[in-house]
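Letter by letter, the chains look like this.
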Amino acid sequence: MKFAAFLIVSLCGGLLLYATADLPAWGDPNSPAGTHLSPHYIEKALEETDVPNLVTAVLADYRGYDTMFETAVVFCAGLACLLLLRDYTRKKGSFYRHIPTGVVIHFKENRKNPPKSREFEHMDKEWVPYDLIMKTVCRILIPFIQLYALYVVAHGDFSPGGGFQGGVIFGSSLILLAISYNLRTVMDRIKERVLGFLCVLGVLVYTGIGVLCMIPGGNFLDYSKLAVFLPVDPGHVRALGMLGVEIGVGIAVMAVMVVIYVNIASEGRHDEGL
Amino acid sequence: MSDIITIVVAKYNYWLYIILMMIGLYAMIAKNNLVKKLVGMNIFQTAIILFYVSIGYKKDATIPIIENAHGGHGNTAHAIHAADYINPLPHVLMLTAIVVSVATLGVALALAVKIYQRYQTLEEDEIRMRLTENRLAENNK
Amino acid sequence: MHWQIDLIILTFIIFCAVAAITVRDLLSTAILFGAYSFMMCLLWAVMGAVDVAFTEASVGAGVSTVFFVAAVFRTSRRTKD
């Protein structure tokens, strides 16, 4: 098996190495990739869309369909993860800790309601004691990470960043909360229902903006037609349409990242995490 | 001699990308563990993304963000030349590809966790052994 | 772009890739893959693809490493190859 793999790999690699002879020299400004379509994007994007970051302009405006379906793919991946792993059967037995005394109570059946008060705390079987330093540092850090994520989404027109990056950073702040505290803390704050709703909402915001452009008679995702609804300078309206689209992408990506993490880390039971 | 040096300078990046791609392919074919195969798949993916991004690179050009345009409403003091900015098109395509790759990685890992729940192993040959055992048990019934 | 930086980072990348697929501990594989992604992010930043580098830093080096660690935590850590 190893020998066959080595043979395939060396054959394939040899062919590809042979093919590099026809590629343009590295960093050549006159290579085919840089001569047909991209000069139009580079020279006209600022004039047409009023967005200095060319990557955002091409991503959300010129190639809007592409990004819309990429968002749909991300949404489908989150859905597939949920459907593969989600397990609604409740585990038998639960552990509670009486906080003032530290006594652990083990309920073997789930029939009676667990005591709900400030003195009892639901805990995991494989319980690790909380690390004070870790918890405190993460508690201070998380709001700043989330603020930074919002900045990345909102400032994506002018600097590197945008919906994908901002959404992933926001999602990873929630994952950090789940790692430093425990998974139940996150699931108490953001219910599973809300997460699913946010996944759908992100894609809907994107397609909704596209449909909104059709109402005054434009094409799907033709942001310049949004000037009817927005009382701003008509030259700037495409940048605002892009911002709305990026917000939709950010919401969807954020929710999908959290859904995937939660389902993998708890094998779909949503109780004990990493 | 100088010809060889020019060829090497112009092409050595591509050669290293291909070596990286082949490392990923080898891991996908020859490794026995499913997580190792996934790592190989990701290495393959990033090597292809690297190749695409390098196609857009231009010598003596800057990053694809127009200078001095913040709040300028489309008016810059100077004309924009395509040769001054790196080609943004491969960046756009690959940016979305990276995010989709992490989403597909999530699905693949979910499948791996599910396989582990059923067969208690991630090694490919052991999974195949369990499958034959199950088939024999069904035939004997 | 200086070819020295380019060559050093590419060497590190290939080293990390080989290490990630040969090491026998899956947790080490996950961490080495995170290092690989971060080196890749550096390479793209040097190449001028700032948006792609930003995405790779947050997605490849951040979230996908966490996914790998979570999956290894829920399955087995040892492997034969």
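Structure's up top.
Residues numbered from 1 in each chain as written. Chains lettered and ligands numbered in written order. Predicted model: local features only at pLDDT ≥ 70, side-chain atom pairs only at ≥ 80, totals over all residues.

Caption draft 1: Structural view of the interface of chain B and chain C. Between chain B and chain C, the contact holds 36 residues from the first and 33 residues from the second. The element best represented in the side of chain B that touches chain C is helix H3 (residues 88-119) of chain B, accounting for 12 residues. Partitioned by chemical class, the residues of the side of chain B that touches chain C number 24 nonpolar, nine polar and three charged. (Contact = placed C-beta atoms within 7 Å. Helix = DSSP H or I, 4+ residues; strand = E, 2+ residues; numbered from the N terminus. Nonpolar A, V, L, I, M, F, W, Y, C, P; charged D, E, K, R; others polar.)

Caption draft 2: View of the interface of chain A and chain B. In this assembly, 55 residues from chain A lie in contact with 49 residues from chain B. Looking at the side of chain A that touches chain B, the elements that each hand over two or more residues are helix H1 (2-19), helix H2 (38-49), helix H3 (54-62), helix H4 (64-85) and helix H9 (237-265) of chain A. A total of 10 residues in the side of chain A that touches chain B trace back to one element, the largest contributor, which is H4(A). Here the residues of the side of chain A that touches chain B sort into 35 nonpolar, 11 polar and nine charged.

Caption draft 3: The arrangement of the pairing of strand S2 (residues 104-107) of chain A in detail. Residue and element names in this part refer to chain A. As paired strands, strand S1 (residues 94-98) and S2 are joined by four bridges and run antiparallel to one another. Looking at the pairing, serine 94 lines up with phenylalanine 107 of S2. Hairpin connection, S1 to S2: the antiparallel pair is bridged by five residues, and glycine 102 has positive phi, about 85 degrees. (Pairing = 2+ DSSP bridges.)

Caption draft 4: Quick peek at unusual backbone geometry. Not every positive phi belongs to a glycine, and Asp50(A) is a case in point at roughly 65 degrees. Inspection of the secondary structure assignment puts Asp50(A) in the loop between H2 and H3. Residues other than glycine seldom take positive phi values, yet Gln120(B) does so here, at roughly 60 degrees. Mapping Gln120(B) onto the fold places it in the loop between H3 and helix H4 (124-140). A residue is classified by how many C-beta atoms lie within 10 Å of it, and Gln120(B), with 12 of them, is exposed. (Buried ≥ 20, exposed ≤ 12 C-beta atoms within 10 Å, placed from the backbone.)

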